[in-house]
Amino acid sequence: MEFRTRAIHVGNRRDAETGAVVRPIHLAATYVQPGAGDWGRFDYARSGNPTRKDLETTLASLDSGTDALAFSSGMAAIHCVTMLLSSGQSVLAGTDIYGGTYRLLHKIVDRAGIGVTLAPAHDLDALEAAITPQTRLLWIESPGNPLLSITDIAACAEIAHRHGLLLGVDATFATPVLTRPLELGADIVMHSATKYLGGHSDVLGGALVVADRALYDRLYFIQNATGAVMGPLESFLCSRGIKTLELRVREQSRSARQLAQFLLADDRVARVMYPGLPDHPGHEIAARQMDGGFGAMLSFEIAGDFAAAKKVVESTRLFQLAVSLGAVESLIEQPASMSHASYDPQDRRAHGVADGLIRLSVGLEAVEDLRADLLQAMDSAF
Ligand code: PLP
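Treat the numbers as computed from the prediction; the structure is a model and nothing was measured. (Residues numbered from 1 in each chain as written. Predicted model: local features only at pLDDT ≥ 70, side-chain atom pairs only at ≥ 80, totals over all residues. Heavy atoms only, no water.)

**Some remarks on the nonpolar core**
Part 1 of the argument: The biggest cluster of nonpolar side chains holds 79 residues, and the ones touching the most others in it are L138, L167, L298, F300, I358 and L360.
Part 2 of the argument: Looking at which element gives the most residues to this core, the answer is helix α10 (residues 245-264), with 6 residues.
Part 3 of the argument: No fewer than three residues from each of domain 1 (3-242) and domain 2 (245-381) sit in this core.
Part 4 of the argument: Discounting chain neighbours no more than four positions away, the residues touching F300 are L263, V269, R271, V272, M273, G356, L357, I358, L360 and M378.
Part 5 of the argument: Counting 28 residues, the second-largest nonpolar core is a separate cluster that includes L105, I114, W139 and L219. (Core = buried A, V, L, I, M, F, W, Y, C linked by side-chain atoms within 4.5 Å. Buried < 20%, exposed > 50% of the residue type's maximum accessible area, 1.4 Å probe, protein only. Helix = DSSP H or I, 4+ residues; strand = E, 2+ residues; numbered from the N terminus. Domains from an automatic or database assignment. Contact = heavy atoms within 4.5 Å.)

See the structure below:
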């Protein structure tokens, strides 16, 4: 079955009891067992829930995996992966990563005696040179947040496996519509389901997908032991969002590409970061590993300072000033003061997150309206 058909039908069997075409939301916290010590399919909601299981079945199919796990947030999903490591081991992550992942690695994970190193993942030589005998996990994002850098996932998988490491890919920006990292050799794919999977800014969730049962068992054990599972209502909302995932991502990506070209032509814009632009340094790799589109996220740097960028993001009317991304409504933000504020300021600038950087999450509104909105916001700031 094609992706779009699986998004609607896999994990969404008709309800056997009533014939309802939409599955019920199972709220039960506990389940009656056939006998003492004789366990049924579900026993307790942290360990498993039918509504969550339906979503996990869909996610595994869409990402070409065997198994998936749904979490209470994207951060909970990433944290679960880092808990595969023990004290004395270390994680090597790309530099262009979500600010919350940076904070998790540098302020929580390292407290458990796990080493944390960052290296530019789009520079494969630099990345490989940063691997030490303690490294166990390579963690990348492609496209990266917020600079839209592109990392060659297949090449990273080759490097990771040659050094005996696991490769985890945060594919939140790409979604399984555009990139399926497991097909490119990654071991774990992660999504903030809060974003495109949910798609409507009304659910917080995360997901891991793997193609290896033993790895799934280890991750499931950690998730069940630590408890950050996705709730039934969130699971339902995510499953519902996924039914239109492909249509939304393809249309929003088309609009993002048009807006990137529009911004490129504005001389108040110093730089546009969008992998669909031919002069983007990762364009060729993106064209290879992204399937029929370059995503609906784009960043641009204005030819102005922190205050000018602040003025632009505070002047849009359709683009709403908010962190998060991936929903039907367009959002705008200033990474230096918002999504990436938890970076050490020197690290932030060193990693290219300039004060004049602006990040857009392009939604489903008419592209003409979005263009006009950006123009009036730029006019009011310059
Ligand atoms: N990864 C990326 C790329 C993100 O943009 C985010 C959130 O913005 C996360 C992970 C964290 O996900 P959540 O907010 O669902 O915990």
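More follows now that the structure is in view.
**Topic: the pattern of salt bridges**
Part 1 of the argument: Counting across every chain of the model gives 18 salt bridges.
Part 2 of the argument: Of the charged contacts, one joins R268 and D266 as a salt bridge, the two residues approaching to 2.9 Å between their closest N and O atoms. As far as the burial class goes, R268 and D266 line up, both buried.
Part 3 of the argument: Taken together, the shared-partner salt bridges in this structure form one network comprising R4, E246 and R250. (Salt bridge = Lys/Arg side-chain N within 4 Å of Asp/Glu carboxyl O.)

**With respect to unusual backbone geometry**
Part 1 of the argument: Backbone torsion omega between S142 and P143 reads -10 degrees, so that peptide bond is classified as cis.
Part 2 of the argument: If you trace the backbone, P143 turns up in the loop between β4 (135-141) and α6 (153-162).
Part 3 of the argument: A positive phi is found at S64, a non-glycine position, where the angle reads about 55 degrees.
Part 4 of the argument: Phi angles above zero are rare outside glycine, and T175 is one such case at about 65 degrees.
Part 5 of the argument: As for its position among the elements, T175 is in helix α7 (residues 175-178).

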